[in-house]
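# Residue-level structural notes
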Amino acid sequence: MAIGAAAFLAAAVVGPAHAEITIRLDRANFEPLPVAITDFVGDGDLGAKIAGVIAANLKRCGYFVPIDRQSMPASVAGFDAVPQFQAWQALNVQGLVTGRVTREGSGRLKVEFRLWDVPAGQQLTGQQYFTDPANWRRIAHIISDAVFTRLTGLKGMFDTKVVFVDESGSKENRRKRLAVMDQDGANVRFLTRGEDLVVTPRFSPTSSEIAYMAQRRGAQPHIQLLNLDTNQREMVGNFPDMTSSPRFSPDGSRLLLSLQQGGNANIYVMDLRSRTTTRLTSTNAIDTSPSFSPDGSQIVFESDRGGQPQLYVMPASGGEARRISFGQGTYGQPVWSPRGDYIAFTRQSGGRFGIGIMKPDGSGERILTEGFHNEGPSWAPNGQFLMLWRDGGGANGGRLFMVDITGRVDVPVPTPSFASDPAWSSVLTEIR
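An account of the accompanying structure is given in this report. None of the values given here were measured: they were computed from a predicted structure. (Residues numbered from 1 in each chain as written. Predicted model: local features only at pLDDT ≥ 70, side-chain atom pairs only at ≥ 80, totals over all residues. Heavy atoms only, no water.)

With that settled, consider the pattern of salt bridges. Any two side chains of opposite charge can pair, on the condition that their charged atoms come close. Enumeration over the complete set of coordinates arrives at 19 salt bridges. Between D166 and R177 there is a salt bridge, with the nearest N and O atoms lying 3.5 Å from each other. With D166 in strand β7 (residues 161-168) and R177 in strand β8 (residues 175-182), this pair connects stretches of sequence that are 11 residues apart. Each member of the pair, D166 as well as R177, is classed as buried. Here D410 makes a salt bridge to R390, at a shortest N to O gap of 3.0 Å. Of this pair, D410 sits in strand β29 (residues 410-413) while R390 sits in strand β27 (residues 385-391), and the two are 20 residues apart along the sequence. (Salt bridge = Lys/Arg side-chain N within 4 Å of Asp/Glu carboxyl O. Helix = DSSP H or I, 4+ residues; strand = E, 2+ residues; numbered from the N terminus. Buried < 20%, exposed > 50% of the residue type's maximum accessible area, 1.4 Å probe, protein only.)

Further remarks concern the pairing of strand β22 (residues 330-336). Burial runs high along β22: five of the seven residues are buried. Hairpin connection between β22 and strand β23 (residues 343-349): a loop of six residues separates the two successive antiparallel strands, and G340 in this loop has a positive phi of roughly 85°. (Pairing = 2+ DSSP bridges.)

With that settled, the discussion passes to the nonpolar core. Residues F40, I50, Y63, F64, I143 and F385 are the most contacted members of the largest nonpolar core, which totals 51 residues. Among the elements that take part in this core, helix α3 (residues 136-152) stands out by supplying eight residues, more than any other. If we skip the residues at most four places from it in the chain, I50 touches F40, V101, V111, W136 and A140. Among the nonpolar cores identified, the runner-up in size contains 13 residues, and L178, V180, L191 and I210 belong to it. (Core = buried A, V, L, I, M, F, W, Y, C linked by side-chain atoms within 4.5 Å. Contact = heavy atoms within 4.5 Å.)

Right under this line is the structure:
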């Protein structure tokens, strides 16, 4: 099934919007905002399911505390009625989400919601959506994004997909398959069958293609392109040596990769339409893990040209590279934030692996999480959260986790089995 750009057919504002409550994430004494998501009325238990997905999304991001249903007032006003704000104020609820689900004669669902500022006693925003009933979870994610954005001022991230490597079996005989799922772990779909070793999957900006490195037993590893609409696979280029570390350009027209040549590796960029390649680095070192800046003008990459792996930034056309990492240990797996303000990385120091961020000039370095084994940061499309994988050691395997750039949030992401190498898609409703 293709990842569509929009599951709904129409959206319209339901009522007036006024700016009142917002979350201030920059406060040192920040506490999650108490909110209430009531069961959406109508159409059997579907309204309760939609409300449950919204509440779970908001809770997992760490910026909200949805109150449980048992704590809600015994009498909740209908969707068309103004809420009884005093009852919600007594529970210290700041934001209230109400909704309604109806089924039209054509079979389409009509889903409506309103977000209320409880202290001010007024509506902040509201919308209605029309969709196929099978898309009810998508609608819940879209509403979650609308609420998240209205209360934080940040772009959404819930109406997204995550591609990752699903791992099963013992560590000595582990089966690895590419898989894709909703950002909350639902709707898992396996993309490969496990014959090949697969690592580092990356979404294209349209989320219709995935680039990844694959290796069949006894063969040289090469980058593959997988079209999610057609399930067609093709090898990227006809290189005699190993290619790895794919990363799309912001407009999706080019693909960065690292090409091994003897004991060295250099960075190339391929025009995906003409299939012409341009060499960007030329050193007697290992240059790998390149990532474009969001405006496409620069590239950050990992190189051991100074003796050990560190981070470097250079123009996207190649040329002189400047080192930006100077802390203790080694640095790798850099990826530029979609907002352009930070570069995320993996740092290894003193036998511990940390996931951190720094500004593009190397200043402001902060480690967000550190432990026995953390790797592979991938940005959410809003540049506020990262997904990574963590291995606690022993006979087990990796698991996916989500952290935020404030360092306050560190939560697991559910997967069917062990998992590694996550990569976030764009927000699906924003894809054109």
